[in-house]
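Listed below, chain by chain, are the residues.
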Amino acid sequence: MPRNSPPAMNIASKTGLLLFTGNSHPDLARLVASRLGLELAPCSVRNDENAETKVDIDCSVRGQDVFIIQTGSKEVNTSIMELLIMMYACKTSCAESIVAVIPYLPYSKQSKMRKRGSIPAKLLASLLCKAGMTHLITMDLHAKEIQGFFDVPVDNLRASPFLLQYIQEQIPDYRNAVIVAKNPGSARRAQSLAERLRLGLAVIHGETKEAESDAIDGRHSPPPVVAQNTGLEWPSGRYWSADIGIGVPMLTAKEKPPINVVGDVGGRIAIIVDDIIDDVETFVACASMLKDRGAYKIYAMATHGLLSSDAPRLLEESTIDEIVVTNSVSHEVQKLQCHKIKTVDISVLISEAIRHFQHKHCQEEHQDGEEDEDVEEENHHECRWLQVPQMAGGIGKRLRKITVNDEPLSDAEDDR
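This is a predicted model, so every value here is computed, not measured.

### A look at the confidence of the model for the protein chain
- The pLDDT averaged across the protein chain works out to 81; a share of 71% of its residues lies at or above 70.
- Per-element confidence in the protein chain is highest for strand 6 (residues 135–139), whose mean pLDDT is 97, and lowest for helix 11 (residues 394–404), whose mean pLDDT is 39.
- Throughout residues 1–14 the model reports pLDDT below 50, and contacts reaching past four residues in sequence, or to other chains, amount to 13 contacts.
- Every residue in residues 225–229 scores below 50 in pLDDT, and together they form eight contacts with partners more than four places removed in sequence or on other chains.

### Comments concerning the packing of aromatic side chains
- In total, this model carries one aromatic pair according to the counting rule given.
- Their ring planes at 85 degrees and their centres at 5.6 Å tell us that F67 and F357 sit as a pair that is edge-to-face. Here F357 lies in helix 10 (residues 347–387) and F67 lies in strand 4 (residues 65–69), a separation of 290 residues in the sequence.
- Overall, the relative accessible area of 0% leaves F67 in the buried class.
- Of note, K182 hangs over the ring of F283, and the distance from its end group to the ring centre comes to 5.2 Å.

### A look at the nonpolar core
- Counting 45 residues, the largest nonpolar core has I179, I271 and I354 as its most contacted members.
- Not counting residues within four places of it along the chain, the set of residues in contact with I179 comprises A190, L193, A194, L197, L199, G200, L201, A202, I271 and V273.
- Formed by 34 residues, the second largest nonpolar core is a distinct cluster that contains L18, M87, M133 and V154.

### Things to note about a positive patch on the surface
- Taken together, the side chains of K144, R158, R188 and R196 define a basic patch exposed on the protein surface.
- Mapped onto the fold, R188 is located in helix 6 (residues 187–197).
- Classification of R188 by relative accessible area gives exposed; the value is 72%.

### As for the pairing of strand 13 (residues 269–277)
- Counting buried residues in strand 13 gives nine out of nine residues, a clear majority hidden from the surface.
- Judged from the eight bridges that link them, strand 13 and strand 14 (residues 297–305) form a sheet pairing that is parallel. For I277, the partnering residue across the bridge sits in strand 14 and is G305.

### Things to note about helix 4 (residues 120–131)
- Helix length check: helix 4, at 12 residues, gives a terminal C-alpha distance of 17 Å against a target of 16 Å (1.5 Å per residue), a fit within 8%.
- Along helix 4, the residues classified as buried are P120, A121, L124, A125, L128, C129 and A131.
- Tucked into the core, helix 4 has its buried residues touching helix 3 (76–92) and strand 5 (97–102).
- Of the residues one or two after helix 4, G132 is the one with positive phi, at around 125 degrees.

Cut-offs used in this document
Residues numbered from 1 in each chain as written. Predicted model: local features only at pLDDT ≥ 70, side-chain atom pairs only at ≥ 80, totals over all residues. Heavy atoms only, no water. pLDDT = per-residue confidence, 0-100. Helix = DSSP H or I, 4+ residues; strand = E, 2+ residues; numbered from the N terminus. Contact = heavy atoms within 4.5 Å. Phe/Tyr/Trp six-rings, centres within 6.5 Å; stacked < 30°, edge-to-face > 60°. Buried < 20%, exposed > 50% of the residue type's maximum accessible area, 1.4 Å probe, protein only. Lys NZ or Arg CZ within 6 Å of the ring centre and 35° of its normal. Core = buried A, V, L, I, M, F, W, Y, C linked by side-chain atoms within 4.5 Å. Patch = residues over 30% accessible without salt bridge, like charges linked within 9 Å, V, L, I, M, F, W, Y side chains within 5 Å. Areas by Shrake-Rupley, 256 points an atom, 1.4 Å probe, with all protein chains shown as cover. Salt bridge = Lys/Arg side-chain N within 4 Å of Asp/Glu carboxyl O. Lys, Arg positive; Asp, Glu negative; His and termini not counted. Charge placed at Lys NZ, Arg CZ, Asp CG, Glu CD. Pairing = 2+ DSSP bridges. Expected span 1.5 Å × (residues − 1).

The structure is reproduced here in structure tokens:
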């Protein structure tokens, strides 16, 4: 380092901030640490031969504010266990606060009751809070209602400003574009993006396959038993009731409309937006339909690019010209298989969130310290007042008055 260069900022020595990371996305953690002027705290996270996760915190965290960066990855369950054990290790080592930085929250798509299943997102929230998490920083939750699953404060950051900037700077003639929602469920997100860019909006409506909610899952079994008091027997052995009001009516099967595009995309740039790109079959089908309707260039844009299984190959062979995702999830391997994938860096957003959180926390501690000093000073004055009434006669009153005014008692008054 040159002699005249300013020393690197060290937040840890001034504010007690420690930044840890697991094995899910170390590149993002290093970018965040670099923007904060920090070095990642030493920590060893590994798997034994029996696949159990072991964590060794190689520094003292007593009284420190700990930030752990761990996002969803391909080995999602391993990432979750690493995060839980790291937080629990810091909790048992008397850390002041434990903030989990999870850009992509795993199991966020399973936030509703499906069939006879459960709500895994709620289970994950309970595990994180139980392990010692005191605050959560995440990004673009699949459903905002997930914040209610946690018993701690949740900061749900938004990546839309970075995506908007990419559209304005990297897409030529973006004024001729139209924002496309691949289903009515993502129409609100697409509408928000279209209003900020002042562009048109198109929605793809309809289904190409049977919805998951319509699959036969046995919820209506066994069949409802009809009253057996009329003596009228069906050929199958069941009884028929003359009272039409008795019995449970069966639900009518849904009829899916043919897939269609609501909006004009002819001769325009189509930008398909969503929060997660994982199962790319719907994106590929939407892109094919938009191409048939006259869109001359197609972009797919999302915050979290999971791109599981053979998604890179399908995207490479599709009519989509470019896939834009953030680095909330590591996808370096997928980029080698699909050259259409472009990455937007959001490390500056996470680093600023950490910086603001720590600054506010330091201010609160400083205010608490000033309040404690004021209370001690008031208690000291009260003690001086409480000692005076025990003295008898007028001399006690004079002492009380002089003590309050902080004036020394003269020898003449003592003689009196």
